[in-house]
Each structure stands twice: as C-alpha cells, then as structure tokens.
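An overview of the molecular structure
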Number of protein chains: 2
Amino acid sequence: MTKPLIGISMGDPAGIGPEIVLKALQDDRVRNAATPVLFADAAALRQAMTLTGIEMAVRTVEDSKDLNPDEKTLLLVAGDVLTEPVPWGKVDGRCGQAAFACMRTAIEWVQRGWLTAIATAPINKQSLQAGGVPFIDHTAMLAHFTGVADPMTLFMVDRLRIFFLTRHISLRQVADALTVEGVEKGLRRCELCMQQLGVAQPKVALAALNPHGGEDGLFGEEEMNVLTPAVALARSHGINAVGPVPADAVFSQCLQGYYDAVLSLYHDQGHIAAKTYDFHRTISLTMGLPFLRTSVDHGTAFDVAGRNIADATGMVEAILAAAEYGERVRSFNETSAT
Amino acid sequence: MTKPLIGISMGDPAGIGPEIVLKALQDDRVRNAATPVLFADAAALRQAMTLTGIEMAVRTVEDSKDLNPDEKTLLLVAGDVLTEPVPWGKVDGRCGQAAFACMRTAIEWVQRGWLTAIATAPINKQSLQAGGVPFIDHTAMLAHFTGVADPMTLFMVDRLRIFFLTRHISLRQVADALTVEGVEKGLRRCELCMQQLGVAQPKVALAALNPHGGEDGLFGEEEMNVLTPAVALARSHGINAVGPVPADAVFSQCLQGYYDAVLSLYHDQGHIAAKTYDFHRTISLTMGLPFLRTSVDHGTAFDVAGRNIADATGMVEAILAAAEYGERVRSFNETSAT
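Since this is a predicted model, take the numbers as computed values, not measurements. (Residues numbered from 1 in each chain as written. Chains lettered and ligands numbered in written order. Predicted model: local features only at pLDDT ≥ 70, side-chain atom pairs only at ≥ 80, totals over all residues. Heavy atoms only, no water.)

A closer look at the relation of the copies chain B and chain A
Between the two copies, chain B and chain A, the superposition gives an RMSD of 0.0 Å; the rotation angle is 180 degrees and the shift along the axis is 0.0 Å. This pairing of chains is accounted for by a two-fold axis. Across chain B, the rotation axis passes nearest the C-alpha of Tyr 277 of chain B, at a separation of 2.2 Å. The share of interface residues of chain B whose copies in chain A are also at the interface is 100%, consistent with both copies meeting through the same surface. (Least-squares fit on C-alpha atoms with pLDDT ≥ 70 in both. Contact = heavy atoms within 4.5 Å.)

Below, the structure written as structure tokens:
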C-alpha cells in the first residue's frame, strides 16, 4: 500500500519544533505509516540536525512532480526566510516569519491535493507578532486560508476524544454561554467530525457542568434547564447523544469505550482530562477543514529549546494520526461536496 | 516490624463494599502492610464470602485485649443489625443502619487508640436515609463523632495529591467564592495536611481558575485580583506556595514531581484530573481528624452489586494508604497536641 504524503511544518525555529520533528522522523511507526514532506528553512533544519546529532539525507522538492510516496530520503520544501542559525529559546521576528511562511506553503500544498494531511510543530505567538505576521496562531491561519470560519478542535489520546463547546472565555462566563440550541448544534458538529474520522454512528456524551451533574438542581440548574433538553433535542434529530454525564466520570468512561467522544463545555474541563491522563501523548486535530491538520498539544517550550531534551512523543502521535485519518477526512469531504 | 491494625468498615451490605473488602484482603501487599480489623455484620460477611468464593478464617473480637497485630485469621468486630442476607443492589433501611453501626464502632475503636487508622468501603445515601440515620455520608459522621467541623478531603493517586477549596457548589458560584483570605487559608491547611503525612516543607501549587490562567486578564481577572495575591500572602507567611498554575498543566506537573500537592478551586477541577488519570486507583483521605481515614473514591455501584465483577483496586489502595500514613497522622497530632 502506498504511504500517504504527510506535510510537516517545523514550527518556530527557536523552539523545540525542529528538534521534535527530527526525532519523530526516526520512529519506526512514523516511517512505516507516512512519507513525510518537511516544510522548513534549510538553516533551521541544519541547526536542529547539529543539536540532535540526527543526520538525514534530504532531497529538496518544489512541485508535486518531485514527490514520491516511496521516497526514502527526507523530502524538504525549503523556506527562504532564515539565512543563518537563530538563538535558541528567544522571541525573534525572523522566526515568526519563517514559521508562518512554512505553514502557509504547507497549507497551499495540501489544498492543491499534493499532500494527504498536515501535522504541525508549535509556533510562538510573540514571535509571530514581532515578525508582523497578521495571525495569532495556527488555527487563525487555517481559518483564513481555507475560508472556514469556525474549525473545531478535537483532542485525542488513546480512546479519549474530546471536543469543546467553549474555549477562550473566563470560567465565570461559561454557564451563561450555554443554550439548548448551542449545545445541540455542538453535539451535531461532534457527530459530523466523528463521521469524517470514519465512525458512521458515533455515540457522543455531553459532559455535565456542575458537580455530580447538579444532583437534581442541588448544585446548579443548567443540567435540568439546558443540557438535558439539548441532548433530547439532538436525539430527536437522530444524533446518538447521551448525558449530561458527571464530568469526573465521563472522560474515564470514554477511555473505557462507553462513548466515541465527549463534548466538554469549557476549556479546562477537557484540557485537564486529556493532559492529566497523558500530557505528552495528547494531540490536537483541527476538524471542519477540507483537509486534516494534526498538532502537538504543547508550545515551543523556549525554556528547554536547544538542549536536545524535548519529548517527541506528541509529534510522533500527531504524524501517525495525520497518516491514519487524513485520507478519511479528505474522501469524506469530497463525497459530501458532490 | 509490627504491622498496623487497620479498621475496615464493610460499607453498605447491598453494595459492592463487602465484596471489594474481601477481594482486597487477598492482596499480598495488603497482607504484608496491615493487620485488618473488619467491622461487618456476620450475615453480610457470609453473603460476600458466598458471592466471591473467598473463605477466610475469622475470629470475632470485642475489645482491644483481643487484638493481635500478628494475627493471621481475619479479626471481626461483628455488627448486630442484620440477621439474614439482604437483596443485592437495593436501597434498604436495614443496610443503611448496619453500615452506620459498623462505621460508628470503627470510629470508636480508632478514637480509643485501638487502631492506627480506618479504611472505609462505600455507603449509600438513600439507604442511610431510609434507615433513619441522621448523617448523609461518612464525612458528616466523622465530623460529628470527632467534633472536627471541617475535615479536609485529599485525593491521592501515584504522585498526585489534590485538595479542594470548594466542593458542592454550582460552577456558577465558584468565582465568587474565591477570596484572598480564603485561598490563603486553604493553602495553609494544605501545608498542614501534608505535614501530617510526613512532608515537612511541602510545595503546594494553586490551580488557576481560567483558561491559560486568564492570560493577563484576557479570559478572567481572578488570577490577578485574587489568586496571585493569595499565593503572595501565603508565601509571606512562610508557606511554599506557587501559582496560580494553569489547571491543564498543574496536575500533570504534580504527577511529574514538581509539587507535593495541588489545591484545586472547585470539585470537578480536581475530580476530573484524578479520575481521568486513574479512576480505580484514586483514593480519598479525610484529613484534619485526630486519626487518618481513607476511602475508595467510588460509590456502592448497585448496578453491579452481587455479580462478583467489582474492581477492588481502590479498596487495596485505601488500605495500603491507611497502613502507610496512619501512624504519621496519629503521631503528628499527638506531638502537636502537647
């Protein structure tokens, strides 16, 4: 079977991105699952090779005709921002520009159908800003270049699949952000995303908001007034939604296979679950785009950059997930579009 | 070395308590660490032996002079509420009364100094109520019989140690429940509890309330206005407190050994962390009492009671923790009292 071509953006050159990408590419599971196409500036790649002691044969490619799914050497789409090594672990406008240019090119390649999916290493918000890049993060870039207004984030580790109804709002605002219609729409979007990943009839559990799911109104009424009616509405539309399930049980139950996914109501609810369960192996998938994008779930870690001690587990998992699910997302979208 | 005498209350006879206690007592680590003293009605014990096929030699004891730390047979302090087997998995006033009577006797024995600590199997709120028992749970019984108004709950699994600033309030009420003085007092109590467990200078991390710890006020101001000043106040009093640390990182970091304990701000914050990390091995310690009480962290599980499929891992961990820390808590309290 032909291996999928997976684009990998190096992330911020001053962070741990290039290091964990090189380390991940040494993993046998990655080699067997994917043919990587690296988007990186040659200077950043050389710097990371020196740091890690990992020397790989590289072939620079400029067009789809240069691509070969059975390629053994590393395929490189070279960025041209950096001309020399950069200091490790520093905010640097050139690094922000270089990371952005690589990401933009990777998006172009996957949009043209030259790649099956992309996996991204972490970038740095401050370096983007210092470089005058008009996007605050990967998701903003993806939304802009694909024209998809509201991509959906999915956290994944083992059997845990976590979606988020709200994210970057204060905890104080969460309860008021919940409406029957909004929660029902969230459950519907979870179903669609899971179908894109190949689960035809996903069972989606809604996390509760209050301790013990509110205990019949004793510790909060959102379960009675909003969440239970939202699940009922979703079910009336044929969605296999269950809950609300007390949040201290729902993630553990998902890990045990009771559900295909959990819709968490707020940022920390789902983040605490995944990252406490396994910080390094948790990855993030951006759903709702014409293609799949996977990502490590940590930052540039400037405090350990340049020391060759970064853990590449998340990068391995991100590339493996891109290879496993990329084609399903692509073909689901093509089928839906016809 | 003499093994500590650990009291074990059977919990609700119609639930999984008697079953998991018997199973836990077969574990070599439990046999090596503790000499168990079981508080159970003989009818309930027989019923659980029949269910599990575990037959143990039993010696009924009535007084401290009957106790022998090197005892090989199971020491039983027999309750006298039940005269016959009870239906599995049903709310039953007799079961509530029997569970309560065993717990009350166990508390008496440990208060007299006859036991080092107690480990409790789960009881059922509805059965307590049906039996006219004037307490809603174990904690209420412990508070009443020890005269300690506000015992402190500590969740424990591997290196994770989690305290709770608030518990049974709605999520909507959490932000307003935080004050500089209240959080500082919480940090101080965490320190004291950890000292009772033998950590002389514990490093306690305060969990943040908002995503990313609020990102300098972008997603909530409680970090700036309440949590950061509370940590500063605690530190000015010599407490080794740190934070607020974003809640999706703090538990993972505690597992890695960065901190001795985490103070979580609300019920689900800490519960999600521990129970998603390892549902069955998470146990609960009641701190601030004259003695240590440990507990499994799940309920009576009426849906699986009587089927011999209950997981005894938590009961094993609860007994082991009682054996490991019971003497430290007792001697710390005796030293402090003099």
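A few points about helix α9 (residues 222-236) of chain A
Over its 15 residues, α9 of chain A extends 20 Å from the first C-alpha to the last, a length consistent with the 21 Å expected when each residue adds 1.5 Å. Every buried residue of α9 of chain A is listed here: Glu 222, Glu 223, Val 226, Leu 227, Ala 230, Val 231 and Ala 234 of chain A. Looking at the buried residues of α9 of chain A, the elements they touch are α8 (180-196), β8 (204-207) and β9 (241-245) of chain A together with α7 (171-174) of chain B. Residue Gly 238 of chain A follows α9 of chain A closely and has a positive phi angle near 90 degrees. (Helix = DSSP H or I, 4+ residues; strand = E, 2+ residues; numbered from the N terminus. Expected span 1.5 Å × (residues − 1). Buried < 20%, exposed > 50% of the residue type's maximum accessible area, 1.4 Å probe, protein only.)

Concerning the interface of chain B and chain A
Taken residue by residue, the interface counts 34 residues in chain B and 34 residues in chain A. Summed over the shared surface of chain B and chain A, the number is eight salt bridges. Put simply, Glu 215 of chain A and Lys 125 of chain B hold a salt bridge, and the shortest N to O gap is 3.9 Å. Linking chain B with chain A are 14 residue pairs in polar contact (both at pLDDT 80 or more), by the criterion used here. (Salt bridge = Lys/Arg side-chain N within 4 Å of Asp/Glu carboxyl O. Polar contact = N/O pair within 3.5 Å; in protein donor to acceptor, adjacent residues only side chain to side chain.)

Focus: the domain arrangement of chain A
Looking at chain A, the domain boundaries give domain 1 (1-148) and domain 2 (152-287). Just the C-alpha atoms count here: the centres of domain 1 of chain A and domain 2 of chain A sit 32 Å apart. (Domains from an automatic or database assignment.)

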